[in-house]
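These are the residues of each chain, in order.
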Amino acid sequence: MDIFSAAVMLFLIMDPLGNLPIFASILRHIDPKKRRKVLIRELIFALIIMLMFLYAGEAILNFLNLRSESVSIAGGIILFLIAIKMIFPQPGGVAGLAAGEEPFIVPMAIPLMAGPSILAALILLAHTDPSRMTDWTIALVSAWGLSAVILMFYKIFTKILGEKGLIAVERLMGMVLVMISVQMLLDGISNYIKTAQ
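Predicted, not measured: the structure shown is a model, and the values here were computed from it.

### So, the pattern of salt bridges
Stage number 1. According to the stated counting rule, one finds two salt bridges in the structure shown.
Stage number 2. For the salt bridge of Glu42 with Arg41, the shortest nitrogen-to-oxygen distance reads 3.1 Å.
Stage number 3. Glu42 sits in the buried class, given a relative accessible area of 1%.
Stage number 4. Salt-bridge contacts for Arg132 lead to Asp135; the nearest nitrogen and oxygen are separated by 3.0 Å.
Stage number 5. Of the residues examined, Asp135 reaches a relative accessible area of 21% and is grouped as partly exposed.

Below you can see the structure in the form of structure tokens.
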């Protein structure tokens, strides 16, 4: 796999277009003056976490005596809880935060941007060809950069869709997210059972 192929794969897993309604929903409850700062901070946190997993993912999991399946199962549970809040909105929105309260790492950086799928993919890239870490870093930073640019312009999409359109898209994405989270959970359990035998 070359740098371009790896970057495309990582970009598709990050799914910034799919995350747009969720990010917009979370940011809607934050003071407009702070939104850009919060978004940039969360994107940087996500990049740091992804780089950590690229370079030390296997070592971290081994040190904590965790298996890669546990990343998938935990991520699936968190995503499921977020999806339920998207379908059945509560005060404070998707993040379950009080009005004006800022999200910190969860749920924007993890698991929305740096989710279990991307973390598993990074561990896999590093594991399959450790001699090409520079290539994998370039691919990751490129995919993250493009995703960050798309998410930074979430307001344009908000204007196009409008308030009601955004709520409709958010609930639809909630349904999709429920399915994705259940699949992550099932994959994690399935892989755990296979390797345990």
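### Digging into the UniProt feature "transmembrane region" (unreviewed entry) in the chain
Stage number 1. Feature annotation in UniProt places "transmembrane region" (unreviewed entry) on residues 6-27, 39-64, 70-88, 104-124, 136-154 and 166-186, given in this structure's numbering.
Stage number 2. Each end of residues 104-124 is marked by a C-alpha atom, and these two atoms are 27 Å apart; helix forms 71% of the span and strand 0%.
Stage number 3. Split by type, residues 136-154 is 95% helix and 0% strand. Its first and last C-alpha atoms lie 27 Å apart.

### A closer look at the packing of helix α4 (residues 68-87) against helix α8 (residues 154-196)
Stage number 1. Where α4 contacts α8, the axes come no closer than 7 Å and their chain directions differ by 160°. In terms of axis orientation, α4 runs roughly antiparallel to α8. For α4 against α8, the interelement crossing comes out left-handed.
Stage number 2. Of the residues belonging to the contact of α4 with α8, the class tally is 18 nonpolar, eight polar and three charged.

### Observations concerning a nonpolar patch on the surface
Stage number 1. On the surface, Leu17, Val149, Phe153, Ile156, Phe157, Ile160 and Leu161 cluster together to form a nonpolar patch covering roughly 670 Å² of accessible area.
Stage number 2. Along the polypeptide, Ile160 turns up in helix α8.

### Description of the packing of helix α2 (residues 16-27) against α8
Stage number 1. Between α2 and α8, the shortest axis-to-axis distance is 8 Å and the interhelical angle comes to 110°. Relative to α8, the element α2 lies roughly perpendicular. Along its contact with α2, which presents Gly18, Leu20, Pro21, Ile22, Ala24, Ser25 and Leu27, the element α8 presents Tyr154, Phe157, Thr158, Leu166, Val169, Glu170, Met173 and Leu177.
Stage number 2. Class assignment of the residues belonging to the contact of α2 with α8 gives a composition of 11 nonpolar, three polar and one charged.

### Some points on unusual backbone geometry
Stage number 1. Cis geometry is adopted by the peptide bond preceding Pro107, which originates at Val106 and carries an omega value of 5°.
Stage number 2. Note that Pro107 resides in the loop between α4 and α5 (108-113).
Stage number 3. For the peptide bond that leads from Ile110 to Pro111, omega is 0°, which places it in the cis range.
Stage number 4. Inspection of the secondary structure puts Pro111 in helix α5.
Stage number 5. In the Ramachandran plot, Asp15 falls in the positive-phi region, its phi being about 50° despite a non-glycine side chain.
Stage number 6. Its place among the elements puts Asp15 in the loop between α1 (3-14) and α2.

### Overview of the side chain of Glu42
Stage number 1. Of note, Glu42 is situated in helix α3 (residues 35-63).
Stage number 2. A polar contact of 2.8 Å, which involves the side chain of Glu42, links it to the backbone nitrogen of Ile105.
Stage number 3. Excluding anything up to four places from it in sequence, Glu42 contacts Pro103, Phe104, Ile105, Met108 and Ala109.

What counts and how
- Residues numbered from 1 in each chain as written.
- Predicted model: local features only at pLDDT ≥ 70, side-chain atom pairs only at ≥ 80, totals over all residues.
- Heavy atoms only, no water.
- Salt bridge = Lys/Arg side-chain N within 4 Å of Asp/Glu carboxyl O.
- Buried < 20%, exposed > 50% of the residue type's maximum accessible area, 1.4 Å probe, protein only.
- UniProt positions renumbered as here; feature names shortened; annotations may be inferred.
- Helix = DSSP H or I, 4+ residues; strand = E, 2+ residues; numbered from the N terminus.
- Axes fitted to C-alpha atoms, helices over the stretch in contact; angles between N-to-C directions.
- Parallel < 35°, antiparallel > 145°, perpendicular 65-115°, else oblique.
- Left-handed = near helix turned anticlockwise from the far one by under 90°.
- Nonpolar A, V, L, I, M, F, W, Y, C, P; charged D, E, K, R; others polar.
- Patch = residues over 30% accessible without salt bridge, like charges linked within 9 Å, V, L, I, M, F, W, Y side chains within 5 Å.
- Areas by Shrake-Rupley, 256 points an atom, 1.4 Å probe, with all protein chains shown as cover.
- Contact = heavy atoms within 4.5 Å.
- Polar contact = N/O pair within 3.5 Å; in protein donor to acceptor, adjacent residues only side chain to side chain.

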